[in-house]
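Structural description and commentary
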Amino acid sequence: GVTQSKHVIFLGEQPPAVIAELYRAADIFVLPSTGEGFPLTVQEAMASGLPVILANDPGYKAYQFDAKLLTLVTPKAASIDKAIQRIIANPQLQQHMGGYALAYAKRHFSRTAHQRALLAIYSKAAA
């Protein structure tokens, strides 16, 4: 069922088509959790062209995100709120961050990128 409070609506599990609609309806994607590797939800949000705010987890260093265009914060309410307000207050920044996220996703998460990575692994293993 749907759980709702003044600022939050919890929709529970949703089919992929609905999730895609929810990403398109969102303004910002926020995931302040740590220790999860690189969650699929982040990849989906980036592929949807959303500005992204993540916890400043050391695991994200390997992805070499542009710190001006993908926000890494201390996972505390005040830091998260400040990051959200900064993006909301600047529509041009919001659009630029979304464009960066989409371009990053296309470059790193597309089927073609995945195939290239697998081929490189197989070539190395075969050599």
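Below: a short report on this structure. (Residues numbered from 1 in each chain as written. Predicted model: local features only at pLDDT ≥ 70, side-chain atom pairs only at ≥ 80, totals over all residues. Heavy atoms only, no water.)

What to know about the nonpolar core
Counting residues in each nonpolar core, the largest one holds 26 residues, and the members touching the most others are Phe-29, Val-42, Met-46, Val-52, Leu-54, Phe-65 and Leu-70. Here Val-52 is in contact with Phe-29, Val-42, Met-46, Leu-70, Thr-71 and Met-97, once residues within four sequence places are set aside. (Core = buried A, V, L, I, M, F, W, Y, C linked by side-chain atoms within 4.5 Å. Buried < 20%, exposed > 50% of the residue type's maximum accessible area, 1.4 Å probe, protein only. Contact = heavy atoms within 4.5 Å.)

Focus: the sheet that holds strand E4 (residues 52–55)
The strand order E3-E4-E5 describes an open sheet built from 3 strands, whose pairing is parallel. Bordering the open sheet on either side are strand E3 (29–31) and strand E5 (71–73), each of which pairs with just one other strand. Averaged over all neighbouring strand pairs, the angle between strand axes comes to 15°, with direction disregarded. Taken together, the 3 bridges between E3 and E4 define a ladder with parallel strand orientation. Bridge pairing in E4 links Val-30 to Ile-53. Relative to the sheet, helix H2 (residues 40–47) contacts E3 and E4, its axis offset from that of E3 by approximately 165°. (Pairing = 2+ DSSP bridges. Helix = DSSP H or I, 4+ residues; strand = E, 2+ residues; numbered from the N terminus. Axes fitted to C-alpha atoms, helices over the stretch in contact; angles between N-to-C directions.)

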